[in-house]
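The lines below spell out each chain.
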Amino acid sequence: MGRAPWLPLLLLAVALSRCGSLLGQPRRSQQRPQQQQAAPQQRGLFPAVLNLASNALITANATCGERGPQMYCKLVEHVSRQPARNPQCRICDQRSRNPNLRHPISNAIDGKNTWWQSPSIQNGIEYHYVTITLDLRQVFQIAYVIVKAANSPRPGNWILERSLDGNNYEPWQYHAITDTECLTRYNITPRTGPPSYAKDDEVICTSYYSKIHPLENGEIHTSLINGRPSADDPSPTLLEFTSARYIRLRFQRIRTLNADLMMLAHRDLNEIDPIVTRRYYYSVKDISAGGMCICYGHAKACPFNPATNRSFCACEHNTCGESCNRCCPGFNQRPWQAGTFLVKHECEGTVIAFLLIVHHPNIKLIIASSYTTCI
């Protein structure tokens, strides 16, 4: 008895169905890709922007009261021309059992109504130079950095910096007390008015956030993506510029009243009334670093793993790797590309075309089709 004419077709159908199930998707007919091409192109996927500072490791090279009790006074008292009184001049002491006397750097990211405070310059002129460093534990794309002062004015001269390895830092933005100091101290032409950016990786110097007022609770907003040329569809340059694991705030000059500036600059601190020098210090009640995982446009979620203290991309679009930075095995029909806000660039499986000809005395059948490999 001859073999049934439909047997080769049955075996082929079974093989293709098995391959499709291994891939987790139905087999594709010749017409299916044409329908997909005709459909509107989907956009890339990006995780939500979160405050990454809350999970960072944070350090400061100087803190008020770390060597024992220190007295400090609030500048707002002097400006209001009120007589000195104890409620305004207080003690900081890192060794105290009273938490209200301790102002560690961890207060700057705990989300509570507490603050970090540096030693006042009564303890030495070197306390103009204080550095805060955040280790985000992995590389992220940073969208913005917001710094909120506490019971003192915002810093005067300082640099916001970034690093991938914690050793080599590059500037994100310079801040100066005056436009003139942008030139004399940092050798950068000042950007007047609210900060603006002409290039994706432009580093500017601004005095906009170094004003003496407000005397307390002032804020500094540094935008690293919004306002730049490719903000709507970030370029490789912007991605590189905003990538960082470490964020450093390098304070270099406390903001003082103009009336005190000359005296502090030209006289020995020991000759100045302590009531003046005790009121000049840095304070920070909150640092926010808004950013997201770098998943190259192929993940909309990046869950945090408490066991490793790291976030990982939940890759889609048939991509694999820690950052969705390669096509998964079997989906290499086209080279991997990063997804964008406009195009998703999904990895596709290898398409194999085949031709099946069945000869039978009573039947002549020719089938042309294609399917996605599962290898």
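Under an unreviewed UniProt entry, the protein has the name Laminin subunit alpha-2-like and belongs to Thamnophis sirtalis.

Student: Explanation requested: the packing of aromatic side chains in the structure shown.
Tutor: The way to describe two aromatic rings as a pair is by their centre distance and the angle between their planes. All told, the structure shown has seven aromatic pairs when counted by the stated rule. Both rings, one in F46 and one in F341, keep their centres 4.5 Å apart while their planes meet at 75°; by these two values the pair is edge-to-face. Here F46, found in the loop between α2 (32–38) and β1 (50–51), pairs with F341, found in the loop between β16 (326–327) and β17 (351–359); they are 295 residues apart in sequence, far enough to count as distant. Judged by relative accessible area, which is 26%, F341 ranks as partly exposed. Members of the aromatic cluster, each reached through a chain of ring pairs, are W158, F251 and Y282. Of note, R248 hangs over the ring of Y169, and the distance from its end group to the ring centre comes to 3.8 Å.

Student: Hey, could you run me through the environment of Q122 in this one?
Tutor: By secondary structure assignment, the location of Q122 is in the loop between β5 (116–117) and β6 (130–149). By relative accessible area, which is 34% here, Q122 ends up partly exposed. In this structure the C-alpha to C-alpha distance between Q122 and R279, which are 157 residues apart in sequence, comes to 8.5 Å. Within the structure, the side chain of Q122 is placed 3.2 Å from the side chain of R278, a separation counted as a polar contact.

Student: When you look at the side chain of Q117 in this model, what are you seeing that I'm missing?
Tutor: Along the chain, Q117 turns up in strand β5. Polar side-chain contacts of Q117 include one of 3.3 Å to the side chain of N151. Here Q117 is in contact with T63, C64, Y72, H103, N151, Y281, Y282 and S283, once residues within four sequence places are set aside.

Student: Help me understand the pattern of salt bridges in this model?
Tutor: For side chains of opposite charge, pairing can occur when their charged atoms come near one another. Taken as a whole, this structure holds twelve salt bridges when the rule is applied. For E181, the salt bridge identified is with R185, shortest N-O distance 3.7 Å. A relative accessible area of 32% means that R185 is categorised as partly exposed. Shared partners join several salt bridges into a network, and the residues in it are E161, R248 and R250.

Student: Got a minute to help me understand the state of the cysteines in this structure?
Tutor: One covalent bond between the sulfur atoms of two cysteine residues makes up a disulfide. For the structure shown, the criterion picks out eight disulfides. At a sulfur-sulfur separation of 1.7 Å, the disulfide partner of C64 is C92. Judged by the torsion about the S-S bond (-60°), the C64/C92 disulfide is left-handed. One end of the pair, C64, is in the loop between β2 (57–60) and β3 (70–73); the other, C92, is in strand β4 (residues 89–92), and 28 residues separate them in sequence. Exposure remark for C64: the relative accessible area of 2% places this residue in the buried category. Between the sulfur atoms of C295 and its disulfide partner C313 the distance amounts to 2.0 Å. Measuring handedness by torsion sign, the sulfur bridge of C295 and C313 sits at about -90° and is left-handed. Of this pair, C295 sits in the loop between β12 (283–293) and β13 (304–305) while C313 sits in the loop between β14 (310–311) and β15 (319–320), and the two are 18 residues apart along the sequence. Side by side, C295 and C313 carry an identical accessibility label, which is buried.

Student: What is the right way to look at the nonpolar core in this model?
Tutor: Side chains that are nonpolar tend, in soluble globular proteins, to be buried together. Counting 47 residues, the largest nonpolar core has I132, L134, I142, W172, I247, L249 and I287 as its most contacted members. Of all the secondary structure elements, the ones that give two or more residues to this core are β6, β7 (157–163), β11 (243–253) and β12. By residue number, the principal contributor to this core is β6, which donates eight residues. Ignoring any residue separated from it by four or fewer positions in sequence, one finds I142 in contact with L52, L136, W172, L224, I225, T242, A244, I247, G290 and G291. Membership of the second largest hydrophobic core comes to seven residues, among which are A176, C182, Y186 and C205.

Reading the values: rules and limits
- Residues numbered from 1 in each chain as written.
- Predicted model: local features only at pLDDT ≥ 70, side-chain atom pairs only at ≥ 80, totals over all residues.
- Heavy atoms only, no water.
- Phe/Tyr/Trp six-rings, centres within 6.5 Å; stacked < 30°, edge-to-face > 60°.
- Helix = DSSP H or I, 4+ residues; strand = E, 2+ residues; numbered from the N terminus.
- Buried < 20%, exposed > 50% of the residue type's maximum accessible area, 1.4 Å probe, protein only.
- Lys NZ or Arg CZ within 6 Å of the ring centre and 35° of its normal.
- Polar contact = N/O pair within 3.5 Å; in protein donor to acceptor, adjacent residues only side chain to side chain.
- Contact = heavy atoms within 4.5 Å.
- Salt bridge = Lys/Arg side-chain N within 4 Å of Asp/Glu carboxyl O.
- Disulfide = S-S within 2.5 Å.
- Core = buried A, V, L, I, M, F, W, Y, C linked by side-chain atoms within 4.5 Å.

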